[in-house]
Amino acid sequence: MNRIFQRMKQVAPMLLFATLSVHAQKSPQDMNRFIDNLMKKMTLEEKIGQLNLPVTGEITTGQAKSSDISARIKRGEVGGLFNLKGVARIKDVQELAVKESRLGIPLLFGMDVIHGYETIFPIPLGLSCTWDMKAIEESARIAAIEASADGISWTFSPMVDVSRDPRWGRVSEGSGEDPFLGAEIAKAMVRGYQGGQMKRNDEIMACVKHFALYGASEAGRDYNTVDMSRQRMFNEYMLPYQAAVDAGVGSVMASFNEVDGIPATASKWLMTDVLRNQWGFQGFVVTDYTGIYEMIDHGIGDLQTVAARAVNAGVDMDMVSDAFVGTLKQSVQEGKVSMQTIDTACRLILEAKYKLGLFANPYKYCDLKRPARDIFTPEHRAVARRIAGESFVLLKNEPSTDRAGSNPSGSTVQPVLPLKMQGNIAVIGPLADTRTNMPGTWSVAAILDKSPSLIEGLKEMTVGKATISYAKGSNLTSDAAYEERATLFGRSLHRDARTDAQLLQEALTVAQKADVIVAALGESSEMSGESSSRTSLDIPDVQRTLLKELLKTGKPVVLVLFTGRPLTLEWEQAHVPAILNVWFGGSEAAYAIGDVLFGAINPSGKLTMTFPKNVGQIPLYYAHKNTGRPLHEGKWFEKFRSNYLDVDNEPLYPFGYGLSYTTFNYGDITLDRTSIPMDGSLTAKVILTNTGNRDGAEVVQLYIRDKVAESTRPVKELKGFQKVFLKAGESREITFKITPDLLKYYNYELQYVAEPGAFDLMIGTDSQHVKTATFVLH
């Protein structure tokens, strides 16, 4: 009899899935019937178990049954696992859940697939600088293909937090300071990950994060307090989250910070009133890592209290805290959490698994043949190389001059870049010969030694044509402890024990023999990212000393700048002839840098965050509002005006800025009408001409200013953009359609309105350099 019972226990889940494979996934009604029937069989403990997302990276193939997590899976106390890599391992664990738990409910497997899986694309801030939605969607599509091939069904991406403070390290993981651009990127990322409703086995569920306002933390310090008016929230920060919801994102992650005095993870206003009731979100909400437990330190209760507050607010899954499985049963028994609340959260998790097709086929993502076929392929790497080259921003490109002010080559007109693939090229700097730092922060699935260093890539590209010499030149920083903090997670730069003077002298010896110097300087990859806030945004001390000495040689110098955030580069802008910001470009960054340095690719990246002159200007962003005493145009200081004594108000590089190896000219704006009714539209046109001698791409940017409104409005707001490729000498008419929807904002009563009146319409190459026309909405 025992044998019969054991056999029935094994067969029951299989019968459940067999029935589903015939009847399920045909309609919402099918899903509802299936989940209704399943939930009738579930105990309270099993329902709470679906809300639990523990972390493990230690299970190896064949060890699932003996791992610490196995007993919990068998008891039905786990809804998914976080950061388990490897399809064989994942299949092993999924079999445990399906075959040995009472109801055989499959698990979700989630991972931080942020900007690629093993084929790594530029960090998200770099990706945003492409302004190319097709490229961004393609990067997410490839990430989904690779992650799903290795068993992952859920990614904790995209991160869409708007941030206007580059001291915050996680600006590297977002799309910059603008909500309009951020919303377009959010939609592209969701489309790329989830594809056609997650029906295929290479489409995975996305998770938009961090809801909400995480990027507005005080002092640029991670996890810190956020406090602002709700009007500002909706006008400046909320749009990218809403865009992801509108695009059908399957899940949302709560943020660490508090909003309106309540930690976001306990905010019913955020999770229910706004996300579900106002925006119509149909998926589930997961906490960030230990987010529930951390609310104890926020000071709003003990573990049972904060867990109850989270689930009552509308949070459905607990990442790592073990707060739900440890306390919710008691809270239900004590009447602090209703059974309906538990059922609602459980249903949302089960619906996500249903929509992913895991009930029809728990091993949908467990094809052991896919990794060799679909991960880190030549095709994927070629796309990563192309997109990396598109993300780089040329900040400066002028002729090189020696200390006497003349060009050493005798030319006074040719800028330093692009370089010729000839002669002796010295590549100098602590970022020149590091494989592990090339992918950038939050590349957790990357196999780091697969990414060639800059020196390796350039040598490979120039073999037989140019001689590449190398010297480290300096350590990352003079402070050894600081360098250790900035090179965690296997990203060491292998600090050199020689003195600063010895490293510098070696570099100068190499430089003296070179025709041109490429200085690979800036941040290490972990100098930005989570928990990597900085109060100084200068290039580190010893690196700037190295750069100054390299310039003294009189040789042409190109600063190849590695960074995950805007830096303060006022000295570099004044003294270095060529500056190419390469962010952290991913697996193929070395080759992509070579493509741009040698002119195979004409740089077209445009900044999506303002670069300040110094940290005292922060927060500094283009869509600011006027005070009642604005500085007059053309002035940098006036007494009793809104300005500084020691520096002007202007950024070093404005939002939208980026140079090219060619030049573009904008004609005057023409409007087909100068006034539009509330149900009408107008068309703005401008002639764009490539006036240089190279083919190239330009990001044409549209800004609008509401000149008089019930509430104060920014001096300009991005409302459209087009990336346009033109051959040398080619002209094209660029058009934008303006509708009242583009003119709407949230007023004081949080009504989304377009108000009659005059508007400035601006089109140009960046947020500062624009042509202007005026129209009226009536």
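Criteria and cut-off values
- Residues numbered from 1 in each chain as written.
- Predicted model: local features only at pLDDT ≥ 70, side-chain atom pairs only at ≥ 80, totals over all residues.
- Heavy atoms only, no water.
- UniProt positions renumbered as here; feature names shortened; annotations may be inferred.
- Helix = DSSP H or I, 4+ residues; strand = E, 2+ residues; numbered from the N terminus.
- Rg over C-alpha atoms; globule rule 2.2 N^0.38 Å.
- Buried < 20%, exposed > 50% of the residue type's maximum accessible area, 1.4 Å probe, protein only.
- Contact = heavy atoms within 4.5 Å.
- Areas by Shrake-Rupley, 256 points an atom, 1.4 Å probe, with all protein chains shown as cover.
- Salt bridge = Lys/Arg side-chain N within 4 Å of Asp/Glu carboxyl O.
- Pairing = 2+ DSSP bridges.
- Core = buried A, V, L, I, M, F, W, Y, C linked by side-chain atoms within 4.5 Å.
- Patch = residues over 30% accessible without salt bridge, like charges linked within 9 Å, V, L, I, M, F, W, Y side chains within 5 Å.

Within an unreviewed UniProt entry, the label attached to the chain reads Periplasmic beta-glucosidase, and the organism entered is Phocaeicola dorei. On record in UniProt, under Subcellular location (unreviewed entry), the comment for the chain is "Periplasm". What UniProt states about the chain under its Sequence similarities (unreviewed entry) heading is, verbatim, "Belongs to the glycosyl hydrolase 3 family."

What follows concerns the overall build of the chain. If you tally the helices and strands in the chain, you get 23 helices and 27 strands. Taken against the 2.2 N^0.38 rule, which gives 28 Å for 778 residues, the C-alpha radius of gyration of the chain at 27 Å falls within 12% of a compact globule. Each principal axis of the C-alpha distribution contributes one length, and for the chain these read about 95 × 65 × 50 Å. Out of the 778 residues belonging to the chain, those deemed buried represent 61%. If you take every contact in the chain between residues at least 6 apart in sequence, the share linking residues at least 24 apart comes to 78%. Counting only carbon and sulfur atoms, one obtains 50% of the accessible surface of the chain, whose full area is about 29800 Å².

This part is about the pattern of salt bridges. Counted under the stated rule, the structure contains 50 salt bridges. Between R370 and D374 there is a salt bridge; the shortest N-O distance is 2.9 Å. With R370 and D374 both in helix α16 (residues 370-374) and four residues apart, this pair spans about one turn of that helix. Look at R370 and you get buried, because its relative accessible area is 2%. One salt bridge connects R732 with E730, and the closest N-O pair in it is separated by 3.2 Å.

Our next topic: the sheet that holds strand β19 (residues 675-676). Taken together, five strands build an open sheet; the order of strands is β19-β27-β26-β21-β22 and the sheet is mixed. Each edge of the open sheet carries a strand with a single partner, namely β19 and β22 (717-726). One ladder, built from nine bridges, connects strand β21 (residues 696-706) with β22; its direction is antiparallel. Across the sheet, residue Y703 finds its bridge partner in β22, namely L718.

Another aspect to go through is the nonpolar core. Ranked by internal contacts, the top residues of the largest apolar core, which has 160 residues, are W154, F211, M238, F284, F324, I738 and I763. When neighbours within four sequence positions are excluded, F284 is seen to be in contact with L108, W154, M205, G250, S251, V252, R276, D316, M317, L348, I349 and A352. By size, the runner-up hydrophobic cluster in this structure holds 81 residues, among which are F392, I455, L561 and F598.

Moving on to the environment of M133. With respect to the element layout, M133 can be found in helix α7 (residues 133-149). A relative accessible area of 16% places M133 in the buried class. If sequence neighbours within four positions are ignored, M133 has contacts with L181, E184, I185, A188 and F721.

Another aspect to go through is helix α11 (residues 268-278). The α-helix winds at 3.6 residues per turn, so residues separated by three or four positions along the chain end up facing the same way. Within α11, burial applies to W269, L270, M271, T272, V274, L275 and R276. G280 occupies a position one or two residues after α11 and carries a positive phi of about 75°.

Taken together, W636, F637 and L645 make up a surface patch of nonpolar side chains, about 350 Å² in accessible area. Mapping L645 onto the fold places it in the loop between α23 (589-597) and β17 (664-666).

UniProt marks residues 698-767 with the feature "domain: Fibronectin type III-like" (unreviewed entry), using the numbering shown here. Between the end C-alpha atoms of residues 698-767 the distance is 14 Å, and the span holds 0% helix and 56% strand.

Here we come to unusual backbone geometry. K209 connects to H210 through a cis peptide bond whose omega is -5°. Within the secondary structure, H210 is located in strand β5 (residues 207-211). Positioned with a positive phi, N83 is a non-glycine residue whose angle comes to about 65°. With respect to the helices and strands, N83 occurs in the loop between β2 (80-82) and α5 (87-100). Owing to a relative accessible area of 24%, N83 belongs among the partly exposed residues under this scheme. The phi angle at D322 is positive, at roughly 60°, despite the residue not being glycine. Its location among the elements puts D322 in the loop between β10 (318-319) and α14 (323-333).

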